[in-house]
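Single-letter residue listing:
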Amino acid sequence: MKTITKKSVVKEELEECFLVIDTSGLEGFIAEFKARVLDHKVKFPLLEYCGEVTYDRLPEDEHLYFCDSIEAFKTEGGNVVLGMILQQRLSSHYQESIGKTVEYISRANEWYVSDIIGERIWGWALLNYPEKTLEVYRELIDHKNKWVVRSLGAG
């Protein structure tokens with residue numbers, strides 16, 4: 001497992017992933033993304049960058065499939081990436097992004113998943129959509145899943 005600490009390196013790895021789309025489609029991209037990014041130690045700001053670029057370059061109708069696939073890998077870095085994609089989707093797909101946030105955090109078996117995703121979604125949503133997000137907080141504060149409740153604090 002290598003450690004990626006430079007944006008120039010992660011950019012190269014990400015570009016290699018996108019080259020695969022033409023020949024192997026989204027499934028190939030996902031496999032390449034896991035092998036080139038998620039299977040290594042990558043600094044969180046670089047993973048956030050990967051999420052932003054992936055959001056911009058994948059067609060909108062592929063975002064959630066990509067996030068579902070990344071979540072299924074159960075990697076720490078994958079939580080950062082999918083958190084950033086959902087964050088970007090808040091402006092056009094608020095309810096859907098909130099629903100996916102709750103879904104992914106509910107599936108967590110580790111505390112850090114709630115913190116990583118919660119920080120990127122709830123924090124951003126509170127800053128940019130305070131009224132709507134406070135309503136969501138009121139609904140989720142008594143959620144049956146402890147990780148969902150914890151994630152609100154991370155936000």
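Just above, that's the structure.
Remember, it's a predicted structure, so these values are computed and weren't measured experimentally.

Participant: Is there a simple way to think about the overall build of the chain in this case?
Facilitator: Broken down by element type, the chain carries eight helices and two strands. Taken against the 2.2 N^0.38 rule, which gives 15 Å for 155 residues, the C-alpha radius of gyration of the chain at 15 Å falls within 12% of a compact globule. Split into buried and exposed, the 155 residues of the chain put 48% on the buried side. Once local pairs closer than 6 in sequence are excluded, the contacts in the chain between residues at least 24 apart make up 68%. Taken as two groups, the 19 positive and 26 negative side-chain charges of the chain have centres that lie 5 Å from each other.

Participant: Help me out: how do you make sense of the pattern of salt bridges in this one?
Facilitator: Side chains bearing opposite charge may pair, as long as their charged atoms lie close to each other. In total, this model carries 14 salt bridges according to the counting rule given. Put simply, Glu103 and Arg107 hold a salt bridge, and the shortest N to O gap is 2.3 Å. Owing to a relative accessible area of 27%, Glu103 belongs among the partly exposed residues under this scheme. Given the relative accessible area of 37%, Arg107 is considered partly exposed. In this structure, the salt-bridge partner of Glu119 is Arg120, at a minimum N-O distance of 3.7 Å.

Participant: Sorry if this is basic, but what is going on with the nonpolar core here?
Facilitator: One finds Phe29, Phe33, Phe66 and Trp122 to be the most contacted residues of the largest nonpolar core, which totals 47 residues. Among the elements that make up this core, the one with the highest residue count is helix α1 (residues 7-38) (ten residues). In this structure, Phe29 is in contact with Cys17, Phe18, Val20, Ile21, Thr54, Leu58 and Phe66, ignoring residues within four places of it in sequence.

Participant: Please explain the environment of Val81 as it appears in this structure.
Facilitator: With respect to the helices and strands, the residue Val81 is situated in helix α4 (residues 76-89). Exposure remark for Val81: the relative accessible area of 0% places this residue in the buried category. Sequence separation between Val81 and Gly51 is 30 residues, and the spatial gap between their C-alpha atoms is 4.4 Å.

Basis of the calculations
Residues numbered from 1 in each chain as written. Predicted model: local features only at pLDDT ≥ 70, side-chain atom pairs only at ≥ 80, totals over all residues. Heavy atoms only, no water. Helix = DSSP H or I, 4+ residues; strand = E, 2+ residues; numbered from the N terminus. Rg over C-alpha atoms; globule rule 2.2 N^0.38 Å. Buried < 20%, exposed > 50% of the residue type's maximum accessible area, 1.4 Å probe, protein only. Contact = heavy atoms within 4.5 Å. Lys, Arg positive; Asp, Glu negative; His and termini not counted. Charge placed at Lys NZ, Arg CZ, Asp CG, Glu CD. Salt bridge = Lys/Arg side-chain N within 4 Å of Asp/Glu carboxyl O. Core = buried A, V, L, I, M, F, W, Y, C linked by side-chain atoms within 4.5 Å.

Distances and angles like these do not, on their own, reveal function.
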